[in-house]
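Chain by chain, the residues run as shown.
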Amino acid sequence: MRCSSRVRRPEGTRFLLYPQPPFLEGFERPEVVTVSKPAGTVMAGPSDDRMYTVYPQDKKITYGTRVGPRREKFSPPWIGPSFEPAVPDHEGHFDHLQPGTPQFEAAHFYGSARFVLDIWEGYFDRPINWHFGDQYERMELIIMPRFNNATMGYGFMEVGGYELDSGEYQPFSLNFDVIGHEVGHSIIYPIVGLPDPDLVHNDYYGFHESAADLVAIISSLHFDSVIDHLLANTRGNLYALNKINRVGELTQHEQIRVAANELTLWDFVGGWNDEHDLGQPLTAAIFDTMIDVFHELLKARGLIPEQVENLSDRLEGSPEYEPVMQGIFDELYASYPGDVREALEDARDYIGTYLATTFQKITPQLTYADIAEALMEAEQDVTGGVFENVFAFNLHKRGIGYVEVGPRLTPPDEDSHAFSARTELPEFRCRHKRRRGKWR
Ligand SMILES: [Zn+2]
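Going along each chain's sequence as written, the residues are numbered from 1 onward. A pLDDT threshold of at least 70 governs which residues receive local features in this predicted model, and a stricter bar of 80 or more applies before side-chain atom pairs are shown or counted, although totals over entire chains, interfaces and linings include all residues.

## Focus: the confidence of the model for the chain
Here's step 1: The predictor attaches a confidence to each residue, and that confidence, scored 0 to 100, is pLDDT. Overall, the predicted model of the chain reaches an average pLDDT of 86, with 86% of residues at or above 70.
Here's step 2: Think of it this way: build a C-beta for each residue from its backbone, and any pair within 7 Å is a contact. Note on residues 418-423: pLDDT is under 50 here. Beyond four places in sequence and across chains, it has 6 contacts.

Okay, structure coming up:
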């Protein structure tokens, strides 16, 4: 399957994007990415018909905070002073901007959000409207350096940054995963629907975080350099990523490290505290499915023998098989690097299409059992059941569709989704700041 989401169309607008935060080894240089908007249609900001970027000079209060004598929610549009906008070159591109300037940050923020939206509109095969479309025509992408998190809400996506151990400041506007995760939340709302806090099931919270992570990870696999990095380090032996203790050695990619976890829903039968943790079994089930589909595709091309799969099962409890497995992939990748790459890109696009199909089948009242059912249905819709067993195996392994999650054990903290009043629409204030330890 070659998916229409391949967005490197020659007529688009060029941006320089870092696939991973630039302080990570192997990702120091930005990659040229072409987004779908034709050159000349992305205006200063950058801005287009769906989103516009603003970099205020001194924004002190985050959107969503209660302000003024009537304690109204602080909302877009930003009307205070801002830095000069990023301006396109004479051909309409933005890849001439210099890192280290507010204009580069603004262009990186916009380019990342637009790239992710392009990819997912490709998987959905239609435009995705914002859930706040009745009030705001466009999403405001706003940068507020003193905010140590990233969030999306009604009409906006707001990003700040964090400090490394060295004291160096790292803006989230340069963090593709964080932006991709927030765009993920923005995509889920209009497709799945807005939750009624009285009816919504606990599983919805875990699902939303997982879906946002999956949107980010599938999007990041559209960077040539991310695929290069992954294949150079594993030679296609992605089974090795399932071994959590080795993930750090094999990839510095934050989303892949999150996806390759060992949590199952059985871990939450007694209850849960944080929706980000509750989302991890689903993220892992989908990530494992992508790896299995990748290997099925390699098998279908006659590139790996049937026994490799059996060997992988034995690997679970026997570390001595690891070098044997790695040897098979070292040889395979040395001989057929192009085929291995194509199989991985196809597996990625199958998963993107499955997810887009699944998101359209579920409602905010969903449970994990509904998600399992919708995923299996989506598999039937997309391939007619070719990878049915792979899905069934990975969902079962994570307890999805087999076990009921227990109650929330502690009240939502500041990192949880805000459902403070019936009349307020939720905002996703994600846990990006807690993750920074893993980036150090
Ligand atoms: Zn989130």
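We are not done yet, so read on.
## Here we look at the packing of helix α8 (residues 280-300) against helix α13 (residues 388-397)
Here's step 1: The geometry of α8 relative to α13 is characterised by a closest axis approach of 9 Å and an angle of 150° between their N-to-C directions. With respect to α13, the axis of α8 lies roughly antiparallel. Judged by the twist between their axes, the crossing of α8 over α13 is right-handed. Between α8 and α13, the residues in contact are Ala 285, Asp 288, Thr 289, Asp 292, Val 293 and Glu 296 and Val 390, Phe 391, Asn 394 and Leu 395, respectively. To define axes, lines are fitted to C-alpha atoms, for helices over the stretch in contact only, and angles between the resulting N-to-C directions are given on a 0 to 180 degree scale. Numbering of helices and strands runs from the N terminus; a helix is a DSSP stretch of H or I covering at least four residues, while a strand is a stretch of E covering at least two. Should an angle fall under 35 degrees it is called roughly parallel, over 145 degrees roughly antiparallel, and 65 to 115 degrees roughly perpendicular, with every other angle called oblique. Working rule for handedness: look at the near helix, and if it is turned counterclockwise from the far one by less than a right angle, call the crossing left-handed; if clockwise, right-handed.

## Brief notes about the packing of helix α1 (residues 102-124) against helix α11 (residues 337-359)
Here's step 1: Taken N-terminus to C-terminus, the directions of α1 and α11 make an angle of 70°; their axes are 8 Å apart at the nearest point. Between α1 and α11, the interaxial angle falls into the category roughly perpendicular. Residues Trp 120, Tyr 123 and Phe 124 of α1 touch α11, and the partners they reach there are Gly 352, Thr 353 and Ala 356.
Here's step 2: Throughout, the ten residues Ala, Val, Leu, Ile, Met, Phe, Trp, Tyr, Cys and Pro are labelled nonpolar, Asp, Glu, Lys and Arg are labelled charged, and all others, Gly among them, are labelled polar. Residue composition of the contact of α1 with α11, grouped by class: 4 nonpolar, 2 polar and no charged.

## Some details on α1
Here's step 1: Helix span, expected: 1.5 Å multiplied by one less than the number of residues in the helix. Between its terminal C-alpha atoms α1 stretches 33 Å, which fits the 33 Å expected from 23 residues at 1.5 Å a residue.
Here's step 2: Any residue surrounded by 20 or more other C-beta atoms within 10 Å of its C-beta is treated as buried, while 12 or fewer makes it exposed and the intermediate range makes it partly exposed; C-beta atoms here are placed from the backbone. Counting buried residues along α1, 20 of its 23 residues qualify, which places the element largely inside the surrounding structure.
Here's step 3: Positioned one or two residues after α1, Asp 125 has a phi angle of 60°, which is positive.

## Thoughts on the pairing of strand β7 (residues 150-153)
Here's step 1: Across the two faces of β7 the burial is the same, with Ala 150 and Met 152 and Thr 151 and Gly 153 all buried.
Here's step 2: DSSP calls a pair of strands paired once it identifies at least 2 bridges connecting them. Bridge analysis of β7 against strand β8 (residues 156-159) gives 4 bridges, and the strand direction is antiparallel. Bridge pairing in β8 places Ala 150 opposite Val 159.
Here's step 3: Here β7 folds back onto β8 in antiparallel fashion, the turn holding 2 residues, of which Gly 155 has a positive phi close to 95°.

## Some words on the environment of Leu 199
Here's step 1: Topologically, Leu 199 is positioned in the loop between α2 (176-192) and α3 (202-220).
Here's step 2: Along the sequence, Leu 199 and Gln 365 sit 166 residues apart, while their C-alpha atoms lie 6.5 Å from each other.

## Concerning the nonpolar core
Note that soluble globular proteins tend to have their nonpolar side chains buried in a common cluster.
Here's step 1: Counting 108 residues, the largest nonpolar core has Ala 113, Val 215 and Phe 294 as the members making the most contacts within it.
Here's step 2: Where each domain starts and ends follows an automatic or database-derived domain assignment. When residues of this core are sorted by domain, at least three fall in each of domain 1 (12-194) and domain 2 (202-397).
Here's step 3: If near-sequence neighbours (up to four positions away) are discounted, Val 215 is found in contact with Val 116, Trp 120, Gly 180, Val 183, Gly 184 and Ile 187. We define a nonpolar core as a collection of buried residues of the types Ala, Val, Leu, Ile, Met, Phe, Trp, Tyr and Cys that are connected via C-beta atoms lying within 7 Å of each other.

## Points about unusual backbone geometry
Here's step 1: In this structure, Pro 46 follows Gly 45 across a cis peptide bond, with omega equal to 0°.
Here's step 2: Topologically, Pro 46 is positioned in the loop between β2 (31-38) and β3 (51-54).
Here's step 3: Pro 76 connects to Pro 77 through a cis peptide bond whose omega is 5°.
Here's step 4: Here Pro 77 shows up in the loop between β5 (72-73) and α1.
Here's step 5: Even without being a glycine, Asp 125 presents a positive backbone phi close to 60°.
Here's step 6: Mapped onto the fold, Asp 125 is located in the loop between α1 and β6 (139-143).
Here's step 7: Residue Asp 125 is classed as exposed on the basis of its C-beta count, with 12 C-beta atoms lying within 10 Å.
Here's step 8: The phi angle at Arg 235 is positive, at roughly 50°, despite the residue not being glycine.

## So, α2
Here's step 1: If you check α2, its first and last C-alpha atoms are 24 Å apart, about what 17 residues at 1.5 Å a residue would give, namely 24 Å.
Here's step 2: With 15 of 17 residues buried, α2 is to be regarded as a mostly interior element.
Here's step 3: Where α2 ends, the next residue or the one after it, Gly 193, has phi of about 110°, a positive value.

## A few points about the pairing of β6
Here's step 1: Buried residues dominate β6, accounting for 4 of its 5 residues.
Here's step 2: Relative to β8, β6 runs parallel, the two being bridged by 4 bridges. Directly across from Glu 140, in β8, lies its bridge partner Phe 156.

## A closer look at the environment of Thr 358
Here's step 1: One can find Thr 358 in helix α11.
Here's step 2: Discounting chain neighbours no more than four positions away, the residues touching Thr 358 are Ala 374, Leu 375 and Ala 378.

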